[in-house]
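# Observations on the model geometry
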Amino acid sequence: EDQVTQSPEALRLQEGESSSLNCSYTVSGLRGLFWYRQDPGKGPEFLFTLYSAGEEKEKERLKATLTKKESFLHITAPKPEDSATYLCAVQMDSNYQLIWGAGTKLIIKP
Amino acid sequence: DAGVIQSPRHEVTEMGQEVTLRCKPISGHNSLFWYRQTMMRGLELLIYFNNNVPIDDSGMPEDRFSAKMPNASFSTLKIQPSEPRDSAVYFCASSQGPNGYTFGSGTRLTVV
């Protein structure tokens, strides 16, 4: 069965404390893996798309990496404004649909 | 670019009433998606349009739900009659081809 699993469900960090969020997937044929950020009361905001194992993308304090089984979203020296729910989604090459993970709620304490 | 525009932002209605949610996708995007988000089930795809044509409506919960896209710049999601279990945040998203979606701010629907 095609599925996407994110861990942990929630993560509390002190400001400046670096960490990583995990997105593991089991799909037949990956077209792309997407990372989104969602703030309370808002729609998901697109962050990155990764297409092949070994690919990396960066944006400010965030870096996304991809292997054949999982993706990591590394956050370096986070700030309170990085607090949000981070969603991972996978698109298969045989289908337009995105398979969504349940998200990781990240809380950065000042 | 104003992004994907949804209206209303909030809707409170009584059980049995008709509810219509509206979406204006980003100009030039040829794909439009309606999603529903709840705490219990996360993001669920309801229906997908490509070039204004419904491609997959298998996620539509039941016949009470219907969606239309009369032109490239407008889509509606209608619930008739509404039920309390329909309470959720409904998102519209658009994309150009198989790329990352751009989501609207959502409509928070409460059916009492």
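This report concerns the structure included in the present document. Computed from a predicted structure; not experimentally measured. (Residues numbered from 1 in each chain as written. Chains lettered and ligands numbered in written order. Predicted model: local features only at pLDDT ≥ 70, side-chain atom pairs only at ≥ 80, totals over all residues. Heavy atoms only, no water.)

Here we come to the overall build of chain B. If you tally the helices and strands in chain B, you get zero helices and eleven strands. For chain B, the C-alpha radius of gyration of 13 Å lies close to 13 Å, the compact-globule estimate for 112 residues. For chain B, the spread of C-alpha atoms along the principal axes amounts to about 35 × 25 × 25 Å. Evaluated residue by residue, chain B yields a buried proportion of 46% over its 112 residues. Once local pairs closer than 6 in sequence are excluded, the contacts in chain B between residues at least 24 apart make up 52%. (Helix = DSSP H or I, 4+ residues; strand = E, 2+ residues; numbered from the N terminus. Rg over C-alpha atoms; globule rule 2.2 N^0.38 Å. Buried < 20%, exposed > 50% of the residue type's maximum accessible area, 1.4 Å probe, protein only. Contact = heavy atoms within 4.5 Å.)

This next bit is on the overall build of chain A. The number of helices and strands found in chain A is zero helices and eleven strands. The order of helices and strands in chain A, counted from the N terminus, is β-β-β-β-β-β-β-β-β-β-β. Taking 110 residues into account, the globule formula puts the C-alpha radius of gyration at 13 Å, and chain A, at 13 Å, falls close to it. Principal-axis analysis of the C-alpha atoms gives chain A an extent of 45 × 30 × 20 Å. Taken over 110 residues, chain A has a buried fraction of 45%. Accessible area of chain A: about 5,500 Å², with a carbon and sulfur share of 47%. Each charge class in chain A was averaged separately, 13 positive and 15 negative side chains, and the resulting centres sit 2 Å apart. (Areas by Shrake-Rupley, 256 points an atom, 1.4 Å probe, with all protein chains shown as cover. Lys, Arg positive; Asp, Glu negative; His and termini not counted. Charge placed at Lys NZ, Arg CZ, Asp CG, Glu CD.)

On to the layout of surface pockets, then. Space inside the largest pocket adds up to approximately 880 Å³. Lining the largest pocket are 36 residues, and of these Gln38 and Thr85 of chain A together with Gln37, Thr38 and Met39 of chain B sit closest to its centre. Elements with a contribution of two residues or more to the lining of the largest pocket: strand E9 (84-92) and strand E11 (104-109) of chain A together with strand E4 (31-38), strand E5 (42-50), strand E9 (88-95) and strand E11 (107-111) of chain B. Ranked by residue count, the leading element in the lining of the largest pocket is E11 of chain A, at four residues. Tallied by class, residues from the lining of the largest pocket come to 14 nonpolar, 15 polar and seven charged. (1 Å grid on protein atoms, 1.4 Å probe; cavity = no way out; pocket = protein on both sides within 12 Å on 5 of 7 lines; lining within 4 Å. Points joined across faces, edges and corners; volume = space filled by probe spheres on them. Nonpolar A, V, L, I, M, F, W, Y, C, P; charged D, E, K, R; others polar.)

Okay, the state of the cysteines next. Covalent bonding between the sulfur atoms of two cysteines defines a disulfide. Residues and elements named next belong to chain B. According to the stated counting rule, one finds two disulfides over all chains in the structure shown. Between the sulfur of Cys23 and that of Cys92 lies a disulfide, 1.9 Å long from S to S. One quick way to see it: the torsion about the S-S bond of Cys23 and Cys92 is about -65°, and its sign makes the bridge left-handed. One end of the pair, Cys23, is in strand E3 (residues 19-24); the other, Cys92, is in strand E9, and 69 residues separate them in sequence. (Disulfide = S-S within 2.5 Å.)

All names here are of chain A. Summarising the element assignment, Ser20 is placed in strand E3 (residues 19-26). Judged by its relative accessible area of 30%, Ser20 is partly exposed. When the C-alpha atoms of Ser20 and Gln6 are compared, they prove to be 11 Å apart, with 14 residues separating the residues in sequence. When sequence neighbours within four positions are dropped, the list of residues in contact with Ser20 reads Leu11, Phe72, Leu73 and His74. Here the side chain of Ser20 touches His74 through a polar contact of 2.7 Å, side chain to side chain. (Polar contact = N/O pair within 3.5 Å; in protein donor to acceptor, adjacent residues only side chain to side chain.)

Another aspect to go through is the interface of chain A and chain B. Opposite the 16 residues of chain A that make contact, chain B presents 16 residues. Interface area, chain A with chain B, both sides summed: about 1,300 Å², of which 55% is carbon and sulfur. When the buried surface of chain A facing chain B is broken down by residue, Pro44, Tyr96 and Trp100 of chain A rank first, second and third, together holding 39% of it. Taken together, the links from chain A to chain B amount to zero salt bridges. The interface formed by chain A and chain B contains four residue pairs in polar contact (both at pLDDT 80 or more). Contributions of two or more residues to the side of chain A that touches chain B are made by strand E4 (30-38), E9 and strand E10 (98-100) of chain A. A per-element tally of the side of chain A that touches chain B places E4 of chain A first, with four residues. Of the residues assigned to the side of chain A that touches chain B, the class counts are nine nonpolar, five polar and two charged. (Buried area = accessible area lost by both parts, 1.4 Å probe. Salt bridge = Lys/Arg side-chain N within 4 Å of Asp/Glu carboxyl O.)

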